[in-house]
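Examining the three-dimensional arrangement
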Amino acid sequence: MARFDPVAADRICFAVRGRGTQHFLSAAARAGVRLDGIRPGEEGLTAWAAGTDLPRLRRCADRGGWELEVVSRRGPGRGLARLLRRPGILAGLACFFVLVRLLSGFLWCMDFGGLTDAEQAALRQTLARYGVREGVWLSRETLAGAQQALDLEGEAFGWLSLNFAGGCLFVESTPRQNAEPRAEPQNTELRAKAAGEVLAVDVESGFAQVQPGQYVAKGQLLAAASRLDRSGNPVPQAASGRVVGRVRCSYTAQQPCTWTGSVLTGRSRQTEETCVLGRTFTHRSGDWDGENTWPGAETRTDWLPLTLGRLALPASVCRTTQWERAERTLTVSPETAAAIARRSCRLQLLADFPDAVVESERAETACDESGAQCTITYVLRADLAQAVTP
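Below, the structure is looked at part by part. (Residues numbered from 1 in each chain as written. Predicted model: local features only at pLDDT ≥ 70, side-chain atom pairs only at ≥ 80, totals over all residues. Heavy atoms only, no water.)

Structural notes on unusual backbone geometry
Excluding glycine, a negative phi dihedral is what most residues carry, and trans is how most peptide bonds are arranged. Test applied: Put simply, DSSP marks the helices as runs of H or I at least four residues long and the strands as runs of E at least two long, and each gets a number from the N terminus on. Each residue gets one of three labels from its accessible area relative to the maximum for its type: buried under 20%, exposed over 50%, partly exposed in between, using a 1.4 Å probe on protein chains only.
The phi torsion at Leu 277 lies on the positive side, around 50°, for a residue other than glycine. Position of Leu 277 among the secondary structure elements: in the loop between strand S16 (258-276) and strand S17 (279-286). Leu 277 sits in the partly exposed class, given a relative accessible area of 36%.

Focus: the state of the cysteines
Heads up, the rule is: In this description, a disulfide is simply a cysteine sulfur pair whose atoms lie within 2.5 Å.
Enumeration over the complete set of coordinates arrives at zero disulfides. For the unlinked cysteine Cys 109, the closest cysteine sulfur is that of Cys 168, found at 3.5 Å. Since its relative accessible area comes to 10%, Cys 168 is described here as buried.

Considering the nonpolar core
Note the following rule: By nonpolar core is meant a set of buried Ala, Val, Leu, Ile, Met, Phe, Trp, Tyr and Cys residues that side-chain atoms within 4.5 Å join together. Here a residue-residue contact requires only that any non-hydrogen atoms of the pair lie within 4.5 Å.
Core analysis: the largest hydrophobic core is formed by 26 residues, its most contacted members being Leu 222, Cys 249, Phe 353, Tyr 378 and Leu 380. Among the elements of the structure, strand S8 (189-192), strand S12 (221-224), strand S15 (240-256), helix H7 (334-352) and strand S21 (371-383) are those that each provide at least two residues to this core. With near-sequence residues (within four places) excluded, Leu 380 lies in contact with Gly 245, Arg 246, Val 247, Cys 249, Leu 349, Phe 353, Ala 356, Val 357, Val 358 and Glu 359. Among the nonpolar cores identified, the runner-up in size contains 17 residues, and Phe 24, Leu 45, Leu 57 and Leu 68 belong to it.

Everything listed here is a matter of geometry and, on its own, says nothing about what the molecule does.
See the structure below:
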């Protein structure tokens, strides 16, 4: 293989010295060399030619006894000349750009803008139902179908747009702002849902009937919905607001040491569907014993894009994990049963007073081999007001 001459990529200016240099022009023409910029000089002549003609010019000079010298050169330079010595690099670059052009129709990544992680996961799962996920060939029909479906199902967004360019799907959205009509005011009043000491009164509308430091009974009127004016005519106004009080209450719960319930069995199985350049590969792992479904199993589906470091790849994985649940007879110690009973008492408290701030509590627990019974007396601060229609 002939060695590549860097000058071959340039245009050269050469000088020919000696006797009868005009005959050199005839010799070069007979050799098929095209010259331009010919200028005669005192010792010979100078001219321009392509770098690929330099070997033929030298042969003509050697035959005629002339001296040929390259004066200057113009072209890509030695850097590109060294690159031309390695045609595999150029072929690789050309192949790269061709592949980028061909692969730009596949979905490589998704840009969700400023959406939260939970919103991105929900939107990614919705898009996957309509065939939009990393690794698929995203046609206009598929994108239009997904856009139409999101317009009908996207209750969480006021406006949502899908734009596909250069292998990236850009999701632009705005949050939905619901303008709910104001309901007509109802003739309601506030009454105490438990007995206690009033600590603070914050009545937004209506007419307060109590003040801080006062003790109220269960069902006592806290804020009235109407009052009489100076003429004796009733002035209605629906009562609303908060009346914070200190309450003392007790809750009782029982928990047997043995009962039947649905629990996790410890068996799980996983299915991974990998989509790469429009092709899907399925891999299963875990407890697959021929059962297609597990009744009552907990299921979780994750859509994961594949990346190589920070480089997105035209591929994604749909990972579905199932955990088996079954009815089992559970047996716990009396101490554990007592802890479960205490938790049940706290849940009853939060059901009656969601905003409760517990100041103190006193528990009475009785345990034996069959179970436990717990009674807890709480002292707490909470909102006592409850809207009631008179």
